[in-house]
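Here's the letter readout for the chains.
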Amino acid sequence: MNVLSLLTPIQDVPRIGLVYQKRLKKFGIKTVQDILFHFPSRYDDFSDIISISEARAKLAKTVCIQGKIVKIEDTRTFKKWTNLTEAVVQDENDKIKVIWFNQIYITKTLKEGDFVCLAGKVSLGKEGLYLNNPAYEKINDWGFSGLTHTGRIVPVYPETRGVTSRWFRFIIKPLLVRFVNVIPESLPPEIIEKYKFLPIAEALWQLHFPDSFESADAAKARFSFEELFLIQLSVLKEKAKLMQFKAPACKMDASLMKEFTESLPFKLTNSQKKCSFQILKDLEKSVPMSRLLEGDVGSGKTVVATMASLSVAKNGFQVAFMAPTEILAKQHFKEVSKLLLKFNARVGLLTGKDSRISNEEKVSEISRQNLLEELKNGQINILIGTHALIQKGVEFKNLALVIVDEQHRFGVSQRAQLFEGLKLVPHLLSMTATPIPRTLALTVYGDLDLSLITEIPKDRKKTKTLIVEPKDRKTAYEFIEKEVKYGKGVFVICPKISAQGETSLPRDGESEKKPTQSFGSFAPQNYDFGFFSKNDVKAVKEEYEKLSKDIFPDLRITMLYGKMKASEKERIMLDFKKGEIDILVSTSVVEVGVDVQRATVMMIEGAERFGLAQLHQFRGRVGRSDMQSYCFLFTTSPDQLNRKRLKALVDCDDGFKLAEKDLEIRGPGQLYGSQQWGIPDMAMQGLSNIFLVEKTRTAAKEILEKDPQLKNYPLLKERLKQFETRIHFE
Ligand code: ADP
Ligand code: MG
């Protein structure tokens, strides 16, 4: 017989058959240890065992009783598909009927004369009160010890089809008994002591089979801490590694910067000045900068980035400025070239198929080959483009600054690719309009320093936001028609059409992916991010048909969706910009950051289906000039929570506040996709707690300062290594 250990694969564990092995793999459970770290998502409180006569007074309540089975049998019903098992259970003073539906195997386990503990709902049938489908287990005597499924606080696990919580408890408990004392303690003892955490064995036990809700919370606190702590260690270690590299120091020329700001057609906001200064100061250092410039749409990040680029160029170094799409790359190229007109900088554009150059008033075509040649010679100061910039064959002479727009986090591997063969590591400036709540900034983005643009230029008018009820639809359409008559542009965004409310059958493959909603488990509310472009397109087409045929037959309406060719999308955006399209109907993937100043109306269908942060982003597509703009939130949902969210958008135009609100209402998992990062649930939950996040950061810093290589913490180091293979922040 095999000797079980923590690392024993599940197929070698007795009681776990082939079918279950497959099912467990869906949870990523491969070893004994993985099972023990499969944590409950909630608990049922069956700890209060009452007498049967007390239970009789609690109709429609869930109660826990114990007694002797005096009768049990499978009975037939006239209804097909339903098998009944009926029993009578008796304690000292009273008895009650018990009914189980479709669980005929129960009579194999429970026999007359057995003592049982039962937890279920007291219900009323034709023949009186009965206990409805209760959880059950045998007990050995009238007093009891070690109940698992009843008579205690009972763990409820995230379930998948065919793996019930009961089964998890049945498997986990004996494994816990056997292994809990050999599980290595991965938190350093000084941390356990400092924060008064439960040691690993006790924490695991209390998490699965808690003595009280307090001790379950204490256990959870420990694991949340531990997982966030690992993220912090990982991120801070990465940062420390980077700090060992040398970067090109670019001295700031104060009078040049003054000259630049005075050349602008507007005055910089205080935030822009502050952020520029932080960046320019970082660039002077000979360690690589890693900075995230965060500012709402329209807050003017491009100018700040341009100033940094100018400083680098004047030091004789080069800048790579990357945008997520071709349209944006071109927009940046135009803007940066314009801003630097008088400063004699040579700015290049390189996208998948386009290459251009601009220098003092002139933009000209240049062959890709010549552009690459110039880049290699150092004649080009600033190269703007898409991901084409980091492809093979694109060689800089002396790259000193990489600017990344709207990528949140520039992948480590991508960065490494840029460093390849470089003596000096370039500085990194990442820009985003997505407000990142503080807790995330301190964890997932914890290796980046933060610069915040908190102001919007003053001359901007606030976009008026309105919730449009079905009865007001017509009025809204009339308003839109009037705006178009004045030459304004209108965006229409539609959410994906989902199975929600439709009686469509799941498509191939889909039913496999979705965890089944098993009986009694929580079903988390799913929000729609419009990721599935097939349905996106369908929604857009339907909306387009409706608008162009029925509502606005005289207006020029065009569709835009993610799957279109980049060149086609670009042509449409340009036509829209030029005023050759009145209404642009698109999916949620409408290009971020594209500046269409003549657009004044953002109309969003099924607004309740989007997240607040995303709605705010959509709204940012308009209001980019001094004209009054409008955001119409069309909704038919009477749901109060949805109303509350949309109302928040009407009342508030601060992206940060809205992001915090979103985090509060929906939880970080929904918002940022823990799936995408592979962050464990406990850490995700911990992310809504700023105090916890700060604690873990401090703890990680302290440990790394003492022992950067974690030489004295071999177990922690090992855990971290395992952990890092699972998480991937991009
Ligand atoms: P974002 O932060 O969304 O990338 P942009 O950099 O595209 O914003 O700026 C949006 C618009 O605002 C641009 O047309 C830019 O020239 C203008 N702008 C930037 N800063 C200011 C300012 N301080 N005052 C007025 N307009 C500004
Ligand atoms: Mg921008």
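Right above here is the structure, for reference.
No experiment lies behind these values; they were computed from the predicted model shown.

**Q** Describe the pattern of salt bridges, with residues and values.
**A** Within this structure, the stated rule accounts for 31 salt bridges. Lysine 241 serves as the salt-bridge partner of glutamate 238, at 3.8 Å between the closest nitrogen and oxygen. With a gap of 3 residues between them, glutamate 238 and lysine 241 both fall in helix 8 (residues 213-243), about one helical turn apart. When its relative accessible area of 31% is taken as the criterion, glutamate 238 is described as partly exposed. Where glutamate 570 meets lysine 330, a salt bridge forms, and the shortest distance between an N and an O atom there is 2.7 Å. Note that glutamate 570 is positioned in helix 19 (residues 566-578) and lysine 330 in helix 12 (residues 326-339), a separation of 240 residues in sequence. Residue glutamate 570 is classed as buried on the basis of its relative accessible area of 12%. Taking the relative accessible area as the measure of exposure, lysine 330 reaches 15% and is therefore buried. What you see here is one network of salt bridges that share partners, running through Glu185, Arg222, Glu226 and Arg719.

**Q** Could you give an account of the sheet that holds strand 22 (residues 630-634), naming the residues involved and the relevant values?
**A** With parallel pairing, 6 strands are arranged side by side in an open sheet as 17-22-21-18-20-19. Single-partner strands in this sheet number two, and they are strand 17 (464-468) and strand 19 (557-560). The mean inter-strand angle of the sheet, taken between neighbouring strand axes irrespective of direction, is 20°. Of the pairings in the sheet, the one linking strand 18 (residues 489-493) to strand 21 (residues 599-604) comprises 5 bridges and is parallel in character. Its bridge partner lying in strand 21, valine 490 is registered against valine 601. Docked against the sheet, helix 20 (residues 612-619) engages strand 17, strand 18, strand 21 and strand 22, running at close to 150° with respect to strand 21. In this fold helix 21 (residues 640-651) packs onto strand 17 and strand 22, with an angle of close to 155° to the strand it touches most, strand 17.

**Q** Describe the site of ligand 1, naming the residues involved and giving the relevant values.
**A** Near ligand 1 there are 19 residues, and of these Lys267, Gly298, Lys301, Thr302 and Arg460 occur at the shortest range. Lysine 267 places a polar main-chain atom, nitrogen or oxygen, 2.8 Å from a nitrogen atom of ligand 1. Within the shell around ligand 1, the residues separate by chemical class into 5 nonpolar, 7 polar and 7 charged. Inspection of the shell around ligand 1 shows a minimum of three residues originating in each of domain 3 (254-284 + 300-432) and domain 4 (464-652).

**Q** I'd like to hear about the nonpolar core, residue by residue, with values.
**A** By size, the foremost hydrophobic cluster in this structure holds 51 residues, and its most contacted members are Ile480, Ile583, Ile604 and Leu615. Once you skip the residues sitting within four places of it in the chain, isoleucine 480 turns out to touch Val490, Phe552, Ile583, Val601, Met603 and Phe632. Within the second largest apolar cluster, 41 residues are counted, among which are Ile279, Leu310, Phe317 and Val347.

**Q** Tell me about the sheet that holds strand 16 (residues 449-453), residues and numbers included.
**A** The sheet built from 9 strands is open, its strands ordered 12-11-10-13-9-14-15-8-16 with mixed pairing. The sheet is open, and its two borders are formed by strand 12 (362-365) and strand 16, each paired with just one other strand. For this sheet the average axis-to-axis angle between neighbouring strands, irrespective of direction, equals 20°. Looking at chain direction, strand 8 (residues 290-295) and strand 16 are connected through 5 bridges and run parallel. Bridging from a neighbouring strand, arginine 291 pairs with aspartate 449 of strand 16. Running at roughly 170° to strand 14 (residues 399-405), helix 11 (residues 301-314) makes contact with strand 8, strand 9 (318-322), strand 13 (382-385), strand 14, strand 15 (427-432) and strand 16 of the sheet.

**Q** Describe the packing of aromatic side chains, naming the residues involved and giving the relevant values.
**A** Within the structure shown, the criterion is met by 21 aromatic pairs. Aromatic side chains tyrosine 157 and phenylalanine 168 sit 5.4 Å apart centroid to centroid with 45° between the ring planes, which places their arrangement in the tilted category. Here tyrosine 157 is found in the loop between strand 7 (153-156) and helix 5 (165-179), whereas its partner phenylalanine 168 is found in helix 5, with 11 residues between them in sequence. There is no split in this pair, since tyrosine 157 and phenylalanine 168 are both buried. Between the aromatic rings of phenylalanine 491 and phenylalanine 576, the centroid separation amounts to 5.1 Å while the plane-to-plane angle is 75°, which identifies the pairing as edge-to-face.

**Q** I'd like a rundown of the pairing of strand 19, residues and numbers included.
**A** Residues Ile557 and Met559 line one face of strand 19 and the alternating positions Thr558 and Leu560 line the opposite face, and both faces are buried. Bridging between strand 19 and strand 20 (residues 583-586) involves 4 bridges; their strand directions are parallel. When the sheet's bridge partners are listed, methionine 559 is paired in strand 20 with valine 585. Traced from strand 19 through helix 19 to strand 20, the parallel crossover comes out right-handed.

**Q** Account for the packing of helix 8 against helix 25 (residues 690-706), naming residues and giving values.
**A** To characterise two packed helices, one gives the angle between the axes of the helices and the distance between these axes. Remark: helix 8 packs on helix 25, axes separated minimally by 8 Å, with the N-to-C direction vectors making an angle of 50°. The angle between the axes of helix 8 and helix 25 places the two elements in the oblique class. With respect to the hand of their crossing, helix 8 and helix 25 are arranged in right-handed fashion. Residues Ser224, Phe225, Leu228, Phe229, Gln232, Leu233, Leu236 and Lys237 of helix 8 touch helix 25, and the partners they reach there are Leu692, Val693, Lys695, Thr696, Arg697, Ala699, Ala700, Lys701, Ile703 and Leu704. Classifying every residue of the contact of helix 8 with helix 25 by side-chain character gives 11 nonpolar, 3 polar and 4 charged.

**Q** An account of the environment of glutamate 483 is needed here, citing residue identities and associated values.
**A** With respect to the helices and strands, glutamate 483 occurs in helix 16 (residues 473-485). A relative accessible area of 8% means that glutamate 483 is categorised as buried. Between the alpha carbons of glutamate 483 and serine 629 there is a distance of 9.9 Å; along the sequence they are 146 residues apart. Those residues within four positions of glutamate 483 in sequence are excluded, and the remaining contacts are Lys488, Thr600, Val601 and Tyr630. Of the polar contacts made by the side chain of glutamate 483, one reaches the side chain of threonine 600; its length is 2.8 Å.

Calculation rules
Residues take numbers from 1 onward in each chain, read along the sequence in its written order. All chains are assigned letters beginning with A, and all ligands numbers beginning with 1, in the order in which they are written. The predicted nature of this model means local features are confined to residues of pLDDT at least 70 and side-chain atom pairs, given and counted, to a pLDDT of 80 or more, with totals for whole chains, interfaces and linings taken over all residues. Computation of side-chain values: all heavy atoms of the structure, hydrogens and water removed. Criterion for a salt bridge: a side-chain nitrogen of Lys or Arg within 4 Å of a carboxyl oxygen of Asp or Glu. The secondary structure listing takes helices from DSSP runs of H or I that are at least 4 residues long and strands from runs of E that are at least 2 residues long, numbered from the N terminus. Relative accessibility thresholds used throughout: buried, under 20% of the residue-type maximum; exposed, over 50%; partly exposed, between the two (1.4 Å probe, protein chains only). Criterion used throughout: strands pair if DSSP finds at least two bridges between them. Axis lines are fitted to C-alpha atoms, over the contacting stretch for helices. Their N-to-C directions set the angle, which ranges from 0 to 180 degrees. It only takes one pair of heavy atoms within 4.5 Å for two residues to be counted as in contact. What makes a residue near a molecule or strand is one non-hydrogen atom of that residue sitting within 4 Å of it. What qualifies as a polar contact is a pair of N or O atoms within 3.5 Å, subject to a donor-acceptor requirement within protein and to the restriction that residues adjacent in sequence count only when both atoms come from side chains. Three classes are used, and their members are as follows: Ala, Val, Leu, Ile, Met, Phe, Trp, Tyr, Cys and Pro are nonpolar, Asp, Glu, Lys and Arg are charged, and the others, Gly among them, are polar. In this entry, domain limits derive from an automatic or database-based domain assignment. Each nonpolar core is a collection of buried residues, namely Ala, Val, Leu, Ile, Met, Phe, Trp, Tyr and Cys, held together in the definition by side-chain atoms within 4.5 Å. By convention, a stacked pair of Phe, Tyr or Trp rings (six-membered ring in the case of Trp) has centres within 6.5 Å and planes under 30 degrees apart, an edge-to-face pair has planes over 60 apart, and any other such pair is tilted. Note on handedness: a crossover is taken as right-handed if, strands pointing away from the viewer, the path from the first strand over the helix to the second is clockwise. For classification purposes, angles smaller than 35 degrees are called roughly parallel, those larger than 145 roughly antiparallel, those between 65 and 115 roughly perpendicular, and all remaining angles oblique. Note on convention: near helix rotated counterclockwise from far helix by under a right angle means a left-handed crossing. Clockwise means right-handed.

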